[in-house]
Amino acid sequence: METLAEQMRRAGLPTRLEVEGDPAPVPVTAQLTVYRLVQEALTNTLEHTPRGTGARITVQCRTDAVTVVVTDDGPPSGRGDTVAGLGLRSMRERAAAHGGTLRAGPLPGGCWEVAARLDLGHEADPGHGESVCHEADLDLGQEADVTP
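Summarised in this report is the structure supplied together with it.

Reading guide: rules and limits
- Residues numbered from 1 in each chain as written.
- Predicted model: local features only at pLDDT ≥ 70, side-chain atom pairs only at ≥ 80, totals over all residues.
- Heavy atoms only, no water.
- Buried < 20%, exposed > 50% of the residue type's maximum accessible area, 1.4 Å probe, protein only.
- Helix = DSSP H or I, 4+ residues; strand = E, 2+ residues; numbered from the N terminus.
- Pairing = 2+ DSSP bridges.
- Arc of directions from axis to C-beta.
- Contact = heavy atoms within 4.5 Å.
- Core = buried A, V, L, I, M, F, W, Y, C linked by side-chain atoms within 4.5 Å.
- Salt bridge = Lys/Arg side-chain N within 4 Å of Asp/Glu carboxyl O.
- Axes fitted to C-alpha atoms, helices over the stretch in contact; angles between N-to-C directions.

1. Observations regarding the pairing of strand β3 (residues 65-72)
Most of β3 is tucked away: seven of the eight residues are buried. Here strand β2 (residues 55-61) runs beside β3; their pairing, made up of seven bridges, is antiparallel. Note that in β3 the partner of C61 across the bridge is V66. Between the antiparallel neighbours β2 and β3 lie three residues. Direction of pairing for β3 relative to strand β5 (residues 112-119): antiparallel, over a ladder of eight bridges. Looking across to β5, one finds that V69 is bridged to A115.

2. Points about helix α3 (residues 86-96)
Taken together, the buried positions of α3 are L88, M91 and A95. Around the axis of α3, the buried residues are gathered within 55 degrees of arc, so they sit on the same side. The outward face of α3, more than 90 degrees from its buried face, is lined by the exposed residues L86 and E93. Looking at the buried residues of α3, the elements they touch are α2 (28-48), β4 (101-106) and β5.

3. Some thoughts on the nonpolar core
Judged by nonpolar contacts, the single largest core of 30 residues is most densely connected at V38, L42, I57, V66, V68 and L102. Counting residues per element, the ones that place at least two in this core are α1 (2-10), α2, β2, β3, α3, β4 and β5. It is α2 that provides the largest number of residues to this core, a total of seven residues. In contact with L102, not counting residues within four places along its chain, are L37, L88, M91, R92, A95, V114, A115 and A116.

4. Quick word on the pattern of salt bridges
Here the structure, examined in full by the defined rule, presents seven salt bridges. For R62, the salt bridge identified is with D64, shortest N-O distance 3.1 Å. The exposure class of D64 is partly exposed, given its relative accessible area of 36%. Across the pair R103 and E113 runs a salt bridge, and its minimum N-O distance is 2.8 Å.

5. Notes on the environment of H98
Tracing the chain through its elements places H98 in the loop between α3 and β4. Taking C-alpha positions, H98 is 8.8 Å from T29, a pair spaced 69 residues apart along the chain.

6. Brief notes about the pairing of β2
It is a general feature of regular strands that their side chains alternate between the two faces of the sheet. With five of seven residues buried, β2 is to be regarded as a mostly interior element. Pairing of strand β1 (residues 15-21) with β2, which is carried by seven bridges, proceeds in the parallel orientation. Its bridge partner being in β2, G21 is matched across the sheet by C61.

7. Describing the sheet that holds β5
In any sheet, the strands associate via hydrogen bonds between backbone groups, in a parallel or an antiparallel arrangement. With respect to topology, five strands assemble into an open sheet ordered β1-β2-β3-β5-β4, the strand pairing being mixed. At either end of the open sheet lies a strand with only one pairing partner, and these are β1 and β4. Neighbour to neighbour, the strand axes of the sheet diverge by 10 degrees on average, direction disregarded. Relative to β4, α3 is tilted by about 150 degrees, and along the sheet it contacts β4 and β5.

Without other data, these values stay purely geometric and don't point to any function.
And the structure:
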């Protein structure tokens, strides 16, 4: 996740990452979902906000759930039409596949927030790998194998 945040910084999006809790109980499939949700949210920020907008990623890992919140401090203009976009729809589907939820929309003052909760009790993944919550350095140019 830190590598993704660093890539976004290099692309011109100042990005902070905060991680709370123990990532060990988070199954690999949920880790990959969190990564993709954050990646899509940050990409949307890059595409729909002016240069200099900042972003914050907060990941909370618990034994029963993982939550992720991506917030930017961009202005409100021009983003209301992104709610029905394909990116947000696929993000909702990814969260739902883990028995979770996703909400996205403006906050008071013009900021935008994407928040997801994945239910880890919904997972049937017996394996735990390196945690995306700490420092999963997934190469964006490679496909990840999530076959159980």
